[in-house]
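# Fold and geometry: a report
This is what each chain is made of:
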Amino acid sequence: VGVQPDCVAWIKQAIIKNSRHGEAYGDSEKTIAQSICGNAPIQDGRRLISAINDSGGAAVGVSDEEILDAMLELAGEGISAEPAAASSVAAFKKLVEDGKINSSDTVVCIITATGLKQPSAVVQAAGVPVYHMTASPEGILATSRQFLDT
């Protein structure tokens, strides 16, 4: 399965058109998935499109919202993934919802890069935590001194 952000899904467009080559499509600045945001195929994408067609594969476009949801879901499993890596999970979920993957299928989603590659997207997915300090700095120092004195 080839996956790209919806806004630059030239592979999906080529597959839909039953074309053997890809054409520039969309605006690569309109997605958070920096590593897979190329909107123009290298060498017309012929080898990639042939591989998808020859293997009976598919091409899927996913939205930034779907990518962010996948990042959060992976984080819940202890996996920090950058947007492009999380797109494989977003595509999997979309293919399940569309009935193209069922419970008897074996699926592997490859997570290729950590969230540290694109920390701003991690913050966008998770939100900025809000902490409320109920103790004063003086109170914290006093408590710390008690532990150091024992």
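Scanning the entire structure with this criterion turns up four salt bridges. Between aspartate 44 and arginine 46 there is a salt bridge, with the nearest N and O atoms lying 3.6 Å from each other. Its relative accessible area of 41% is what places arginine 46 among the partly exposed residues. For lysine 93, the salt bridge goes to glutamate 73, with nearest N and O atoms at 2.8 Å. Of this pair, lysine 93 sits in helix 4 (residues 83–97) while glutamate 73 sits in helix 3 (residues 64–76), placing them 20 residues apart in sequence.

As a further point, take the pairing of strand 1 (residues 2–5). Of the two faces of strand 1, the one lined by Gly2 and Gln4 and the one lined by Val3 and Pro5 are each fully buried. Across four bridges, strand 1 lies against strand 2 (residues 59–62) in parallel orientation. Bridging from a neighbouring strand, valine 3 pairs with valine 60 of strand 2.

Although it is not a glycine, asparagine 18 sits at a positive phi angle of roughly 55°. Along the chain, asparagine 18 falls in the loop between helix 1 (10–16) and helix 2 (46–55). Taking relative accessible area as the criterion, asparagine 18 reaches 65% and is therefore assigned exposed. Its identity is not glycine, yet glutamine 43 carries a phi of approximately 50°, on the positive side. Overall, glutamine 43 belongs to the exposed group, its relative accessible area being 65%.

Where helix 3 meets helix 5 (residues 119–126), the axes come as close as 9 Å, and the angle between the chain directions of the two elements is 85°. Our classification of the angle between helix 3 and helix 5 gives roughly perpendicular. Across the interface between the two elements, Leu68, Met71 and Leu72 of helix 3 pack against Ala121, Val122, Gln124, Ala125 and Ala126 of helix 5. Looking at side-chain class alone, the contact of helix 3 with helix 5 contains seven nonpolar, one polar and no charged residues.

Membership of the largest hydrophobic core comes to 20 residues, with the highest contact counts inside it found for Val62, Ile67, Met71 and Ala86. In terms of residue count, the dominant contributor to this core is helix 4 (six residues). Look past the residues within four positions of methionine 71 in its chain and what remains in contact with it is Ala81, Glu82, Pro83, Ala86, Ala121, Val122 and Ala125. Among the nonpolar cores identified, the runner-up in size contains six residues, and Trp10, Ile49, Ile52 and Ala59 belong to it.

Reading the values: rules and limits
- Residues numbered from 1 in each chain as written.
- Predicted model: local features only at pLDDT ≥ 70, side-chain atom pairs only at ≥ 80, totals over all residues.
- Heavy atoms only, no water.
- Salt bridge = Lys/Arg side-chain N within 4 Å of Asp/Glu carboxyl O.
- Buried < 20%, exposed > 50% of the residue type's maximum accessible area, 1.4 Å probe, protein only.
- Helix = DSSP H or I, 4+ residues; strand = E, 2+ residues; numbered from the N terminus.
- Pairing = 2+ DSSP bridges.
- Axes fitted to C-alpha atoms, helices over the stretch in contact; angles between N-to-C directions.
- Parallel < 35°, antiparallel > 145°, perpendicular 65-115°, else oblique.
- Contact = heavy atoms within 4.5 Å.
- Nonpolar A, V, L, I, M, F, W, Y, C, P; charged D, E, K, R; others polar.
- Core = buried A, V, L, I, M, F, W, Y, C linked by side-chain atoms within 4.5 Å.

What is shown is where atoms sit, not what they do.
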